[in-house]
Amino acid sequence: MARIVSRALPLASRSPLRLPPPPPLPGAALLRSAAAAPALPPAASLLSWRGLTATHEPSLAATPPFAGFLAGIRGLRKLRRGQAAAKRPQPQDFAPPPPPPPPKESEIELIARIGVEEDMPDDAEVLNIVEILKLNVPMVMKIALDGLVDSNYSTRDTSISDVGKYDKVEVSVLLCNDNFIRNLSKEWRGEDCTTDMLSMSQYIPDLDVPILMLGDIVISVETAARQAEEKGVTLLDEVRLLVVRGILHLLGFHHETSNEAAMELEKEEQLILKSLRWKGKGLAKGSQDPSKLQTDSFDGQVTNSQKRAVTLRFYRPKFKYIFCDMDGTLLNSKSQVTARNAEALREARSRGVNIVIATGKARPAVIDVLSMADLSGRTGIVSESSPGVFLQGLLVYGLEGRQIYKRNLDQEVCREALLYSLEHRIPLVAFSQDHCFSLFEHPLVDSLHYVYHEPKICLQAKIVPSIDNLLETADIQKVLFLETPEGISSALRPYWAKAMEGRAHVVQAQPDMLELVPPATSKGNGVQILLNHLSISPDEVMAIGDGENDIEMLQLASLGVALANGSEKTKAVANVIGATNDEDGVAQAIYEYAF
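Figured I'd write up the structure that's included with this text.

Calculation rules
- Residues numbered from 1 in each chain as written.
- Predicted model: local features only at pLDDT ≥ 70, side-chain atom pairs only at ≥ 80, totals over all residues.
- Heavy atoms only, no water.
- Pairing = 2+ DSSP bridges.
- Helix = DSSP H or I, 4+ residues; strand = E, 2+ residues; numbered from the N terminus.
- Axes fitted to C-alpha atoms, helices over the stretch in contact; angles between N-to-C directions.
- Contact = heavy atoms within 4.5 Å.
- Core = buried A, V, L, I, M, F, W, Y, C linked by side-chain atoms within 4.5 Å.
- Buried < 20%, exposed > 50% of the residue type's maximum accessible area, 1.4 Å probe, protein only.
- Salt bridge = Lys/Arg side-chain N within 4 Å of Asp/Glu carboxyl O.
- Parallel < 35°, antiparallel > 145°, perpendicular 65-115°, else oblique.
- Left-handed = near helix turned anticlockwise from the far one by under 90°.
- Nonpolar A, V, L, I, M, F, W, Y, C, P; charged D, E, K, R; others polar.
- Right-handed = clockwise from strand over helix to strand, strands pointing away.
- Phe/Tyr/Trp six-rings, centres within 6.5 Å; stacked < 30°, edge-to-face > 60°.
- Polar contact = N/O pair within 3.5 Å; in protein donor to acceptor, adjacent residues only side chain to side chain.

**Quick word on the sheet that holds strand 8 (residues 321-324)**
The strand order 9-8-18-19-20 describes an open sheet built from 5 strands, whose pairing is parallel. Both edges of this open sheet fall to strand 9 (354-357) and strand 20 (576-578), since each of them pairs with a single strand only. Strand-to-strand, the axes of this sheet are offset by a mean angle of 25°, without reference to chain direction. On top of the sheet, helix 20 (residues 585-594) reaches strand 8, strand 18 (541-545), strand 19 (559-563) and strand 20; it is set at about 155° to strand 18, its chief contact.

**Points about the sheet that holds strand 11 (residues 395-397)**
Whether parallel or antiparallel, the strands of a sheet pair through hydrogen bonds between backbone atoms. Taken together, 3 strands build an open sheet; the order of strands is 10-11-12 and the sheet is antiparallel. Of all strands in the sheet, those with a lone pairing partner are strand 10 (388-390) and strand 12 (403-406), marking the two edges. The mean angle between the axes of side-by-side strands here comes to 15°, regardless of whether they run parallel or antiparallel. In this structure, strand 11 lies alongside strand 12, joined through 3 bridges in antiparallel fashion.

**A closer look at the nonpolar core**
Of all hydrophobic cores here, the largest spans 51 residues; its most connected members are Val 137, Leu 175, Ile 219, Val 239 and Ile 247. Counting residues per element, this core draws most heavily on helix 4 (residues 124-148), at 11 residues. Cys 324, Val 382, Ile 544 and Ile 590 belong to the second-largest nonpolar core, a separate cluster that totals 50 residues.

**Quick word on the pattern of salt bridges**
Within the structure shown, the criterion is met by 17 salt bridges. Between Arg 189 and Glu 191 there is a salt bridge, with its nearest N and O atoms 3.1 Å apart. Residue Arg 189 is classed as partly exposed on the basis of its relative accessible area of 35%. For Glu 191, a relative accessible area of 36% corresponds to the partly exposed category.

**Some thoughts on the packing of helix 4 against helix 8 (residues 259-276)**
Put simply, helix 4 and helix 8 touch, their axes get as near as 10 Å, and they point 125° apart. By the criterion of interaxial angle, the relationship of helix 4 to helix 8 is oblique. The handedness of the crossing between helix 4 and helix 8 is right-handed. Contact residues: Met 139, Val 140, Ile 143 and Ala 144 in helix 4; Ile 272, Ser 275 and Leu 276 in helix 8. Partitioned by chemical class, the residues of the contact of helix 4 with helix 8 number 6 nonpolar, 1 polar and no charged.

**Some remarks on the pairing of strand 19**
For a regular strand, the rule is simple: side chains alternate between the two faces of the sheet. For strand 19, a buried count of 5 out of 5 residues is recorded, marking the element as mostly surrounded by other parts of the structure. The side-chain alternation of strand 19 yields two buried faces, one formed by Leu 559, Val 561 and Leu 563 and the other by Gly 560 and Ala 562. Bridge analysis of strand 18 against strand 19 gives 4 bridges, and the strand direction is parallel. Bridging from a neighbouring strand, Gly 545 pairs with Ala 562 of strand 19. Considered for its hand, the β-α-β crossover made up of strand 18, helix 18 (residues 551-556) and strand 19 is right-handed. For the segment spanning strand 19, helix 19 (residues 568-573) and strand 20, crossover handedness is right-handed.

**Quick notes on the packing of aromatic side chains**
In this structure the tally under the stated criterion is 8 aromatic pairs. Relative to Phe 253, the ring of Tyr 153 has its centre 5.3 Å away and its plane inclined at 75°; by these criteria the two rings are edge-to-face. Of this pair, Tyr 153 sits in the loop between helix 4 and strand 5 (168-176) while Phe 253 sits in the loop between helix 7 (235-250) and helix 8, and the two are 100 residues apart along the sequence. Judged by its relative accessible area of 3%, Phe 253 falls in the buried class. In this structure an aromatic cluster arises from ring pairing among Tyr 420, Phe 481, Tyr 495 and Trp 496.

**Observations concerning the pairing of strand 17 (residues 513-517)**
Counting buried residues along strand 17, 5 of its 5 residues qualify, which places the element largely inside the surrounding structure. Here strand 17 shows no split at all, with Met 513, Glu 515 and Val 517 on one side and Leu 514 and Leu 516 on the other all buried. Sheet topology places strand 16 (residues 505-507) next to strand 17; 3 bridges connect them, and they run antiparallel. If you follow His 505 over to strand 17, its bridge partner there is Val 517. Taking the residues between adjacent antiparallel strands as the criterion, strand 16 and strand 17 are bridged by 5 residues.

**Quick look at the packing of helix 4 against helix 7**
Axis angle and axis distance: for two packed helices, these are the angle between their axes and the distance between the axes, and together they describe the pair. Taken N-terminus to C-terminus, the directions of helix 4 and helix 7 make an angle of 35°; their axes are 10 Å apart at the nearest point. Here helix 4 runs over helix 7; the crossing is right-handed. Across the interface between the two elements, Glu 125, Ile 129, Ile 132, Leu 133, Asn 136, Val 137, Val 140, Met 141 and Ala 144 from helix 4 touch Leu 235, Leu 236, Val 239, Arg 240, Val 243, Val 244, Ile 247 and Leu 248 from helix 7. For the contact of helix 4 with helix 7, the per-class residue count stands at 14 nonpolar, 1 polar and 2 charged.

**Some remarks on the environment of Ser 151**
Within the element layout of this structure, Ser 151 appears in the loop between helix 4 and strand 5. With 117 residues separating them in the primary sequence, Ser 151 and Glu 268 have C-alpha atoms 9.3 Å apart. Among all residues touching Ser 151, those that are not within four sequence positions of it are Arg 156 and Phe 253.

**Concerning the side chain of Thr 338**
Assignment of secondary structure puts Thr 338 in the loop between helix 10 (326-330) and helix 11 (339-350). With a relative accessible area of 19%, Thr 338 lands in the buried category. A distance of 3.2 Å separates the side chain of Thr 338 from the backbone nitrogen of Asn 341, its partner in a polar contact. Those residues in contact with Thr 338 that sit more than four places away from it in its chain are Asn 332 and Asp 584.

Below you can see the structure in the form of structure tokens.
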């Protein structure tokens, strides 16, 4: 009479995983490691359950973690067959077999190996589930194996029925992402689609060994998270349900063969869940190809990506860097960062994506406006010690906030622009690194600080007294005219486009602003300088913008996203057109394309 006890093994170290060629025998495990996995810690670290005290066991300590997943499946089976062959009588051995030993009560240890596939991010919820499964999986195994004795299901494969002859029963559970399980399904089942769970039996009938290698269970956390959301249960509830179903599959229950088989599997599944007082709702209908998931429309009819944001933490990022514009992009029409945009930026940061601001603003202005959303400083996305592209690419800061590039506007161009400002009483602001200067008071100049958060300009008594004084005391990177959109389009832009004749580049980032910058420079050029400094390929970059000054940046990036409120020229060169800046366009782009 065998008494079943259980043992849960600690979380194994992650090892590189690689899909193997097809195994030579039916039921072989489908996963193995590309390199030998490290040995398990001593058995003294094993967990106990229901009063079982772990004892030192050298054989377990010598077994690599995830024997079913990560290493030596064929070698292990070869060894087992060799052991079984050694026990068979040889032709010359005519001695009668010894009498069987008297029956005695024995214990069957249930060993569960739990791990996370290497491409999964270090998500706190997933790691917590792993710790819980260390105890939960042996509990499921015990109830399921106990049920085999009284099982009278007509559809179950009864190859595994009496486990009393084994000293140990072992199962492995691996949590992975959709991409991993999709490749696995395509390789071994010929089905190019995601699924919530795959189970792979390692059981070899008639193999006389003391350990029953039950098999491997692979669960996609991404699909499980979607299904949990649809059912209104927690991710842990759904993973537990998939573990129960996976173990039942390994014990011969298969719901895909017939309706009767599906009913019998669900009946046994519910008995186990009820015994453990766990939640579970039938066979899941939520496993599907994520490429066919519904996405946002910009007419407000579909908002599924907001729902998907809950589970996107399990997706591996597609880009290492996101370069993001400010005015008209990250900032809404009120020059504010919305809560959802801020949440998306934090989500990206938590997933290891680097957020870099690329803007026409000065650095102090960016720090000021992002501080209102708690996104500045050492723990934010911008600070005086972080990389960034400012003043349309004329100032570039690299590692530790060190200036790596600066280019000034020709002084004669500056003089002409300043004289034009005085003669026509059109307000102009000159940008010199972290400072701004103006020649006279004007409400539009004030708005540049109070609305757009540019550094406080010297007003009233501190207005620069003369053009010569300004040019003698400051290096000017760019000048900016402030006028109505009609005034810029009808007068200012045509005039300066003709007047510069290659001496300066005319840039319009906002409808009510016109900028003069040095020729052959752009925000995209500044981004390229920073990428070279960081040794980053454009293939690893996603860029988001709206204005004409963002065109080169979007063209440079692997994926360029222009917001729907952007200029027609910008949208024409973008890979993707997103929502508007008043519809959380940055958040939508990150959730939809970055992960």
